[in-house]
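# Commentary on secondary and tertiary structure
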Amino acid sequence: MLLLTPPDYRTALRRLDALVAAGVEGNAVLEAELRELIAALDTYEGKLGLLPIPNLPTSLAEMIELKRQQMRLKQKDLAQLLEVPAGRLSQILSGKRRVTLDLAKRLYERLGIPPDFILKYA
């Protein structure tokens, strides 16, 4: 299967969704079609030069680091923004120290980290 145009791509995506929704386990023909669709979609997306979707942070330290990179801050500057000593921020990012309630509040207010994410991973 070869995808050449955006309409071909959209049609292939719709078919992929339909196959996944229907479930193809145990049906050799549909499993083969699914593999072929995935390969064609990967090839088409590769030709477009799309960047892979980054992994979402799975810890508070990863989220803080992501926000630091997005804001193009050095770790020292982030520590100043959050009003914590640079050493303490380093310990938090390495998992050696936990986040205080005051720091959690500043993470929300100054970095925009959702409160539910902070509570879940703090």
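Below is a short write-up of the structure. Since this is a predicted model, take the numbers as computed values, not measurements.

With that settled, the discussion passes to the overall build of the protein. Helix and strand counts for the protein come out as 7 helices and 0 strands. N-terminal to C-terminal, the α/β element order of the protein is α-α-α-α-α-α-α. Its C-alpha radius of gyration of 22 Å places the protein more than 25% over the 14 Å reference for a compact globule of 122 residues. The dimensions of the protein, computed from C-alpha atoms along their principal axes, are 60 × 30 × 20 Å. Burial analysis of the protein (122 residues in total) assigns 28% to the buried set. Long-range pairs, those at least 24 residues apart, make up 51% of the contacts in the protein with a sequence separation of at least 6. Total accessible area on the protein is roughly 8700 Å²; 56% of this is exposed by carbon and sulfur atoms.

The description of an aromatic ring pair rests on the distance of the ring centres and on the angle between the ring planes. The full count for this structure, using the stated rule, is 2 aromatic pairs. Aromatic pair Tyr9 and Tyr44: ring centres 4.9 Å apart, planes at 25°, arrangement stacked. With Tyr9 in helix 1 (residues 6-22) and Tyr44 in helix 2 (residues 28-48), the pair connects residues that are 35 residues apart, well separated along the chain. The interplanar angle of 45° and the centroid separation of 4.5 Å between the aromatic rings of Phe117 and Tyr121 together place this pair among those described as tilted. Of the two residues, Phe117 and Tyr121 are both situated in helix 7 (residues 115-121); the distance of 4 residues between them amounts to about one turn of the helix.

What follows deals with the side chain of Arg106. Position of Arg106 among the secondary structure elements: in helix 6 (residues 101-111). Although Arg106 is buried, it forms no salt bridge, and the closest oppositely charged side chain is Glu83 at an N-O distance of 4.6 Å. Beyond its immediate chain neighbours, meaning those up to four positions away, Arg106 contacts Leu82, Glu83, Val84 and Leu111.

This brings us to the packing of helix 4 (residues 75-82) against helix 6. Close contact between helix 4 and helix 6 brings their axes to 10 Å; oriented N to C, the two are set at 105°. By the criterion of interaxial angle, the relationship of helix 4 to helix 6 is roughly perpendicular. For the pair formed by helix 4 and helix 6, the contact residues are Leu78, Leu81 and Leu82 on the first element and Leu103, Arg106, Leu107, Arg110 and Leu111 on the second.

To continue, consider helix 2. Across its 21 residues, helix 2 extends 30 Å between first and last C-alpha, which sits within 8% of the 30 Å expected from 1.5 Å per residue. Those residues of helix 2 that sit buried are Leu34, Leu37, Ala40, Leu41 and Tyr44. One side of helix 2 carries all its buried residues, which in axial view fall inside an arc of 135°. The exposed residues of helix 2 that point more than 90 degrees off its buried face are Ala28, Arg35, Gly46 and Lys47. The inward-facing, buried residues of helix 2 contact helix 1. One or two steps after helix 2, the chain reaches Gly49, where phi turns positive at roughly 75°.

Thresholds applied
- Residues numbered from 1 in each chain as written.
- Predicted model: local features only at pLDDT ≥ 70, side-chain atom pairs only at ≥ 80, totals over all residues.
- Heavy atoms only, no water.
- Helix = DSSP H or I, 4+ residues; strand = E, 2+ residues; numbered from the N terminus.
- Rg over C-alpha atoms; globule rule 2.2 N^0.38 Å.
- Buried < 20%, exposed > 50% of the residue type's maximum accessible area, 1.4 Å probe, protein only.
- Contact = heavy atoms within 4.5 Å.
- Areas by Shrake-Rupley, 256 points an atom, 1.4 Å probe, with all protein chains shown as cover.
- Phe/Tyr/Trp six-rings, centres within 6.5 Å; stacked < 30°, edge-to-face > 60°.
- Lys, Arg positive; Asp, Glu negative; His and termini not counted.
- Salt bridge = Lys/Arg side-chain N within 4 Å of Asp/Glu carboxyl O.
- Axes fitted to C-alpha atoms, helices over the stretch in contact; angles between N-to-C directions.
- Parallel < 35°, antiparallel > 145°, perpendicular 65-115°, else oblique.
- Expected span 1.5 Å × (residues − 1).
- Arc of directions from axis to C-beta.

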